[in-house]
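Summary of the model geometry
If you want the building blocks of each chain, they are given just below.
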Amino acid sequence: MSDSWAVDVQDVSKNFGDVNALDGVTLRVRQGEIYGLLGPNGSGKTTLIRMFVGLVEPNAGTVTVLGQRMPNVAMLSHVGYMTQAAALYPGLSVEENVQFFAAINGAEGGVRAALEFVKLYDRRDSVVSTLSGGMRQRLSLACALVHKPQVLLLDEPTVGVDPQLRVELWDGFKEMADAGTTIIVSSHVMDEAERCQRLGLILFGKLLTEGSPSEIRARAGRPTLEEAFLSLSQSRA
Amino acid sequence: MSGKRVAAITKRLLQQFRRDRRTLALLFVAPIVILGLLGYLIRGSASAPAVGIVNEDQGPLGATVAAALARSSEISTTTIQASDGDSKLKDGSLAAYIVFPPDFSSQAQAGTIAPDVHLEGSQPGTIAPVLQALQEALLAVAAQAPGSSLHVLPHVTYLYGGPGFDTLDYFGAAFIGLVVFFLVFVVTIVSFLNERSQGTLERLMASPLRRGEIVLGYMLGFTVLAVIQSVEVLVFALAVLKVHNSGNVALIFGIEALMAVAAVNLGIFLSMFARTEFQAVQFIPLVIVPQFLLSGILFSVSTEPKPLQVLSNVLPLTYAVNGLRDVMVKGADLSSGSLQLDVGVVAGFIVVLVVAASTTLRRRIA
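Keep in mind it's a predicted model, so treat the numbers as computed, not measured. (Residues numbered from 1 in each chain as written. Chains lettered and ligands numbered in written order. Predicted model: local features only at pLDDT ≥ 70, side-chain atom pairs only at ≥ 80, totals over all residues.)

On to the sheet that holds strand β7 (residues 155-158) of chain B, then. Residues and elements named next belong to chain B. In space, the five strands of this open sheet follow the order β2-β1-β3-β5-β7, with mixed pairing throughout. Where the open sheet ends on each side, the last strands, each with one partner, are β2 (76-79) and β7. Looking at each pair of strands side by side, their axes are set apart by 20 degrees on average, direction ignored. The pairing of strand β1 (residues 50-55) with β2 spans four bridges and is parallel. (Pairing = 2+ DSSP bridges. Helix = DSSP H or I, 4+ residues; strand = E, 2+ residues; numbered from the N terminus. Axes fitted to C-alpha atoms, helices over the stretch in contact; angles between N-to-C directions.)

What follows is about the domain arrangement of chain B. All names here are of chain B. For chain B, the assigned domains are domain 1 (50-158) and domain 2 (167-363). Taking only C-alpha atoms, the centre of domain 1 and the centre of domain 2 are 41 Å apart. Contacts between the two partners involve six residues from domain 1 and, on the opposite side, seven residues from domain 2. Its residues assigned to classes, the side of domain 1 that touches domain 2 shows one nonpolar, five polar and no charged. (Domains from an automatic or database assignment. Contact = placed C-beta atoms within 7 Å. Nonpolar A, V, L, I, M, F, W, Y, C, P; charged D, E, K, R; others polar.)

Take the sheet that holds strand β10 (residues 206-211) of chain A next. All names here are of chain A. Overall, mixed pairing links the six strands, which are arranged β6-β7-β8-β3-β9-β10 in an open sheet. Since the sheet does not close on itself, it has two edges, and those belong to β6 (79-82) and β10, each with one partner. The sheet shows a mean angle of 15 degrees between the axes of neighbouring strands, direction not considered. For strand β9 (residues 198-203) and β10, the ladder comprises five bridges, and the chain directions are antiparallel. Across the sheet, the residue bridging to Leu201 is Thr209, located in β10. Set on the sheet, helix α7 (residues 213-220) makes contact with β9 and β10; between it and β10 the angle comes to about 110 degrees.

For helix α14 (residues 316-328) of chain B, with 13 residues, the first-to-last C-alpha span of 19 Å sits near the 18 Å given by 1.5 Å per residue. Of all 13 residues in α14(B), 13 are buried; the element is thus mostly enclosed. (Expected span 1.5 Å × (residues − 1). Buried ≥ 20, exposed ≤ 12 C-beta atoms within 10 Å, placed from the backbone.)

A general feature of soluble globular proteins is that nonpolar side chains tend to end up buried together. Core analysis: the biggest nonpolar cluster contains 129 residues, and Ala142(A) and Leu153(A) have the highest contact counts within it. Here the element with the most residues in this core is helix α10 (residues 249-271) of chain B; it accounts for 13 residues. Grouped together as the second largest cluster of nonpolar side chains are 26 residues, Val65(B), Ile75(B), Phe104(B) and Leu119(B) included. (Core = buried A, V, L, I, M, F, W, Y, C linked by C-beta atoms within 7 Å.)

Let us now look at the interface of chain A and chain B. Between chain A and chain B, the contact holds 17 residues from the first and 14 residues from the second. Looking at the side of chain A that touches chain B, its residues break down into 13 nonpolar, four polar and no charged.

Attention now goes to the environment of Arg43(B). With respect to the helices and strands, the residue Arg43(B) is situated in helix α2 (residues 21-44). Note: C-alpha distance between Arg43(B) and Ile32(B) (eleven residues apart in sequence) is 16 Å.

For chain B, the average pLDDT comes to 83, and 96% of its residues sit at 70 or higher. Both confidence scores are given for the complex: pTM 0.78, ipTM 0.87. (pLDDT = per-residue confidence, 0-100.)

Written as structure tokens, this is what we have:
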């Protein structure tokens, strides 16, 4: 049955020293789903995403990705991970960065498609240190998806990206999801959250509520997701 | 100019250091460690060069000079057989031996004495004390002799090197390796640290790359640079500076390349213990300087105080320096047991570092 779940998190807890980063989180993400993790800074979103790639091991509970218990290095060629800060090699060109991440993930080709997806193909020869913040963010995204992963993890992917391009990127995510890619995205941006099929609200390391954007609005009895989010956060705080 | 604004900068600086214990330790501990080590090396190196005395003189003069030499504080003498002299120089148990020929006393009657001085020659620090002690002993004897118009013409031979050897010839051999070791170490530690601080290491760890693959990839990449640098340094030293070389150039290059690989791995390993470039640079005085002082490059290991000799003998740089000197000054090749040990120790050190770097890598990322 776990086959249909791309990511399966069962009762996961993690503490760093005496800080409880995650406290008994259980959630599942279907294959081809766009799942949004919402929560304020320091709520545990990034820790959860890092668990999906085995960078953090839970103190309790299990994380299963594509049917494999994490951490599992062999699994990682099917996972794409875009870190919160654009992690790139500033001395390499745009194209060289993407080529490198393709190579370490064992992918052949796909560099041009990835660069076209983030609208950076024309800038492929530019050295990264000359790019703007938004361009780096897009390049970081290209590096995360160049090997056509089955699960794409995006930690605040569109910070610094202008609204026009954000819309285009989300259209791209939708296309990828329709083709079967599972996308898990953490965000503060509510119009992004609106585009997710399901949302998980995380607060103080706990999964507060889960559901489609309309379900969450209805549960909180508020007209917008932002108000719903604030009211649900306050009711538990 | 506002005093308050200046004070704000000063205060901020001191606040930062208050939380950076490592830098504070470096500022206040490292000078004591380095100066203490240097002082101990220089003051504690009491062991004078070992000199063998061969007295074949049929007259009384040889014994008189030998007794004067034995009283000298600059050398420590032992009586040996002439036939053992060269082998004792080669195995390092003697820095020199002095032969008073059978006609030594009759030479003195004739007005010119010519003792044979055989110097090992590869340790610059040992030559001057030997010649000086001999000079003083002969002068003391001559002063007692009646009708003192005694000429002293010691006949000096060198096992290695020669009178034409200058300081660069002695130090050049070791410095060739040291320059490469030091620069490669700094470049590696800083770029591996960049990988961590720019966040790309986290990406690498979230990819199918294995730890060993990262360490080996780094090692090969920097080895390419280090090899080019080694060639450059070697060509410059031999062709432009004309540093003396009695050995095989390919062998020198081989040892240099080994040192470079060791430096790469030392850099990767130590970068695990630094969070910023600033902290990484702090490893230089703590890791490189003591190794440099103890490597025998300036002070021969055999004249170091005993506790420091123990330390020198476990540090890999000592073996690398010794290996380069064996080849360039003594003309040793791979059939030499001493060189085999040197190369073996450096190679073993590399293996230990690769394993250590690979195992520390994951622990330090999370």
